[in-house]
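# Descriptive structure summary
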Amino acid sequence: MNRNLRNAIIAFLAPLPSIVFYLSFLRSYSSTLDPELSYIHSWCSNHPLLLANLLFFFNVNFLFWVIGLLQSSHWMIDVYWTVIPVMLVHYFASHPLGEYNKWRSMVVVILTWVWSVRLTHNYFRRENWEWGAREDWRFNDLRKQYGKHWWWLSFFSVYVSQQIFLIGICLPLYIIHSVDAPLNIWDFVSSAICLTGIVMAYFADTQLHEFVTQNQKLKEQGKPKIPNLDTGLWYYSRHPNYLGEQLWWWGLVVFAWNLGQGWTLIGALVNTLCLVYVTILVERRMVKQEYRAEAYRAYQKTTSVWIPWFKSKVAAAAAITYSPNKNKHTMWKILALFYVSLICLGLSVSPVDAYGRRQLRFNSNGRFKILQVSDMHYGFGKETQCSNVTPEELPYCSDLNTTSFIQRTIASEKPDLIVFSGDNVNGMCESGDAAKTMNMAFAPAIEAKIPWVAILGNHDQESDMTRETMMKHIVKMPYTLSEVNPFGSGIFPIDGFGNYNLQIEGPFGSPLFFKSLLNVYMLDGGDYVKLDGFAFNYDWVKSSQVNWYEHASKWQEMEYKRWPFPQNSTAPGLVYVHIPVPEFKQFSEPRQMTGVRQEQTCSAPINSGLFTKLVERGEVKGVFSGHDHVNDFCATLNGVNLCYAGGSGYHGYGKTGWARRVRVVEAQLEKTKYGRWGAVDKITTWKRLDDKNHSLIDTQLLWSKNTTLDANYRFKCNKIKQH
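Each value, and the rule that gives it
Residues numbered from 1 in each chain as written. Predicted model: local features only at pLDDT ≥ 70, side-chain atom pairs only at ≥ 80, totals over all residues. Heavy atoms only, no water. 1 Å grid on protein atoms, 1.4 Å probe; cavity = no way out; pocket = protein on both sides within 12 Å on 5 of 7 lines; lining within 4 Å. Points joined across faces, edges and corners; volume = space filled by probe spheres on them. Nonpolar A, V, L, I, M, F, W, Y, C, P; charged D, E, K, R; others polar. Pairing = 2+ DSSP bridges. Helix = DSSP H or I, 4+ residues; strand = E, 2+ residues; numbered from the N terminus. Axes fitted to C-alpha atoms, helices over the stretch in contact; angles between N-to-C directions. pLDDT = per-residue confidence, 0-100. Contact = heavy atoms within 4.5 Å. Left-handed = near helix turned anticlockwise from the far one by under 90°. Polar contact = N/O pair within 3.5 Å; in protein donor to acceptor, adjacent residues only side chain to side chain. UniProt positions renumbered as here; feature names shortened; annotations may be inferred. Phe/Tyr/Trp six-rings, centres within 6.5 Å; stacked < 30°, edge-to-face > 60°. Buried < 20%, exposed > 50% of the residue type's maximum accessible area, 1.4 Å probe, protein only. Lys NZ or Arg CZ within 6 Å of the ring centre and 35° of its normal.

As annotated in an unreviewed UniProt entry, the protein chain carries the name Calcineurin-like phosphoesterase domain-containing protein and comes from Brassica oleracea var. oleracea.

Structure follows, in structure tokens:
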């Protein structure tokens, strides 16, 4: 058996262990016949990234390393650099935790295959269609440098480092298959960037291959070789193939950025920095070759390193170049495609959410307004009967009154965000089509094309959908910013469905344009629990949710205080949760509150410590709840405002003669001494009623930047000096 065939067989067989293991996992990960196997598969199903890293470590790092030692050549990692991303994209797409838009996935899978075929073709074309003919010249240099220590150093420098690079730059593929969001314009932008990179790299590598082939022919004929390639794309850039490769990876980053996970740029950034170093090594190698040193130095002086650009015609004419008779119009088309792609990449750094809307931010007047709609208890539309209305209203009253009220309020208030804070549908085993009911309930926000979010109440799931499937339906609806749960919940589980946070950034033109000036946290308060001896068996916010809030809050604080334009304080926050925390019970006297209490607080029998954590963090200025329809008061405890919205829906219970209502919260920014918008200055609230005059009542200041609490505000000793 010749070496070429043997290496080909080894290359095909080498990844089989991980492939066979993963296929067996997909086939039987839920099987309980073998307890030990079931445990392993359960772990694999809950840790997709860790599993990918483990398979890479054992199959690529260890097995490929052993094969490389036996063959005294680490050639195989070069081949699989072009293949592993394809394996990873199919791995992420087929994993049980995968949740994604099938069209976006299909586009990315096709693009990844095109990229891989292009790069694999270039590799074998360069190697004269031989398997393992030689290893990378950089590995040869390292082998000479480290001598007898190379056998163990190669494990880290060749394989472990490749794992960091490959898994890192493929993180966008994981995000693409972890977020199910509708396609938008940025998916086309991302695709254009990726495709531009593939096309540019193909033409650059083809031109380089033709140049190398021509020099080989000249060498065979005994003629002097041409020292430098300075035509086509190489006329405008010294390394257009590297640039094309970087465009591919950064295009994938834009996919992930569009899905709200811009942090994945770290992989592409590290890869770019490494390629910068490789570029330096390549250029040093070029000028060490006597026959091309002078021409290449002249080339360096006149030609851009990566970004295609024009150069001095006089200097260019003085260089000895390789200039085959090619149609220059092709090069202009590729360059035009590159610069269009570059513009797209620049535009894509504008923050966008997963649904095609730009990042929520304060308007040009320095204001951001939130409309809270609670307890709609939507049913069948016009066929649904109203509750607690006058006899005169009853024959003409239905869910359409709720819809009309919300439409009326949207027109009056023009909110920047609508929060549907639970019990959005009536539940109570009334409807057999919860999806249809939700579509009707959220229709006013969708028709108005206003960003909106939703959390669930204790009644929402009392139909044909679970809480999980309801949130999965909600996140696919137009204009919603809702999330099933925060990113990473598959690795660090969190109780409930509908825990997430929103960042409201500074207005255009503000130095705080990229900072979150107002943080909004949505929490799933659950539905019911079985606890004997308690009057109300409502659920509560669990410790996993409290921990998630704490971590998210600390992250937001760090971002707020870091460069650029670091802030000294913490951005204010708001929390929306359907079932009120037990601390709402502390208010019963009218003098303690703005608004009214007309029923007792039906909170959970267990205090999970959420309010204590909010006070401890000092960030949240208001907790907004529903649940108790005929309470609408706001009261302050330990610097945190506890506010009811009041019931908005006509199908849910109310009080005859007491108008349905919604709550509005508005944050106002301060003006800096330079006349620009700064941090949040104050937060106010009021209610809108569905009465004849669409009344606005109970306007109050919830928080002001200039209002502070004493450290010991309940008791202060004036006789003893504190320090």
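## Quick notes on empty space enclosed by the protein
Tallied over the full model, the rule gives three cavities of 30 Å³ or more. A volume near 120 Å³ is recorded for the largest cavity. Along its surface, the largest cavity is lined by 17 residues, and Trp540, Val541, Pro580, Val581 and Pro582 are the ones closest to its centre. Across the lining of the largest cavity, the residue classes tally to 11 nonpolar, four polar and two charged.

## Some remarks on the sheet that holds strand S8 (residues 634-637)
One open sheet holds the six strands; their spatial order is S4-S5-S6-S7-S9-S8, and the pairing between them is mixed. Of all the strands in the sheet, the pair left with one neighbour each is strand S4 (500-505) and S8. For this sheet, the mean angle separating the axes of adjacent strands, direction not counted, is 20°. Of the pairings in the sheet, the one linking strand S5 (residues 516-523) to strand S6 (residues 573-577) comprises five bridges and is parallel in character. Within the sheet, the bridge partner assigned to methionine 522 lies in S6 and is tyrosine 576.

## So, the confidence of the model for the protein chain
On average, residues of the protein chain score 86 in pLDDT, and 88% of them are at 70 or above. Below pLDDT 50 for its whole length, residues 314-323 participates in 19 contacts with residues either more than four positions away or in separate chains.

## Observations regarding the packing of helix H4 (residues 48-71) against helix H6 (residues 84-94)
Axis separation between H4 and H6 bottoms out at 11 Å; the angle between their running directions is 145°. For the crossing formed where H4 meets H6, the hand is right-handed. Here Pro48, Leu49, Leu51, Ala52, Phe56 and Val60 of H4 lie close against H6, whose contacting residues are Ile84, Leu88, Tyr91 and Phe92. Taken together, the residues of the contact of H4 with H6 sort by class into 10 nonpolar, no polar and no charged.

## Comments concerning the side chain of glutamate 127
Position of glutamate 127 relative to the elements: it lies in the loop between helix H7 (102-126) and helix H8 (137-146). A polar side-chain atom of glutamate 127 sits 3.1 Å from a polar atom in the side chain of arginine 134. Beyond its immediate stretch of four places on either side in the chain, glutamate 127 contacts Ala133 and Arg134.

## Describing the side chain of threonine 112
Mapped onto the secondary structure, threonine 112 falls in helix H7. There is a polar contact of 2.7 Å between the side chain of threonine 112 and the backbone oxygen of valine 108. Setting aside chain neighbours within four positions, we find threonine 112 in contact with Pro85, Val86, Val89, Leu173 and Trp248.

## Concerning the UniProt feature "transmembrane region" (unreviewed entry) in the protein chain
Cross-referencing UniProt, the feature "transmembrane region" (unreviewed entry) maps to residues 7-29, 49-70, 77-93, 150-177, 183-204, 265-282 and 334-352 in the present numbering. Taken as a whole, residues 77-93 contains 88% helix and 0% strand, while its terminal C-alpha atoms sit 24 Å from one another.

## Focus: the packing of aromatic side chains
Throughout the structure, instances matching the rule amount to 32 aromatic pairs. Between the aromatic rings of tyrosine 235 and tyrosine 236, the centroid separation amounts to 5.0 Å while the plane-to-plane angle is 80°, which identifies the pairing as edge-to-face. Judged by relative accessible area, tyrosine 235 falls into the partly exposed class, the value being 26%. Considering the side-chain rings of tyrosine 521 and tyrosine 549, the 5.0 Å spacing of their centres and the 80° angle between planes classify their relative orientation as edge-to-face. Here tyrosine 521, found in strand S5, pairs with tyrosine 549, found in helix H21 (residues 543-561); they are 28 residues apart in sequence, far enough to count as distant. Comparing tyrosine 521 with tyrosine 549 shows no difference in burial state: the two are buried. Of the aromatic side chains, those joined through ring pairs into one cluster are Phe57, Phe58, Phe62, Trp65, Trp151, Phe155 and Phe156. Lysine 542 extends its terminal NZ or CZ atom over the ring of tryptophan 540, reaching a point 5.1 Å from the ring centre. Lying across the ring of tryptophan 677, lysine 671 places its NZ or CZ 4.3 Å from the centre.

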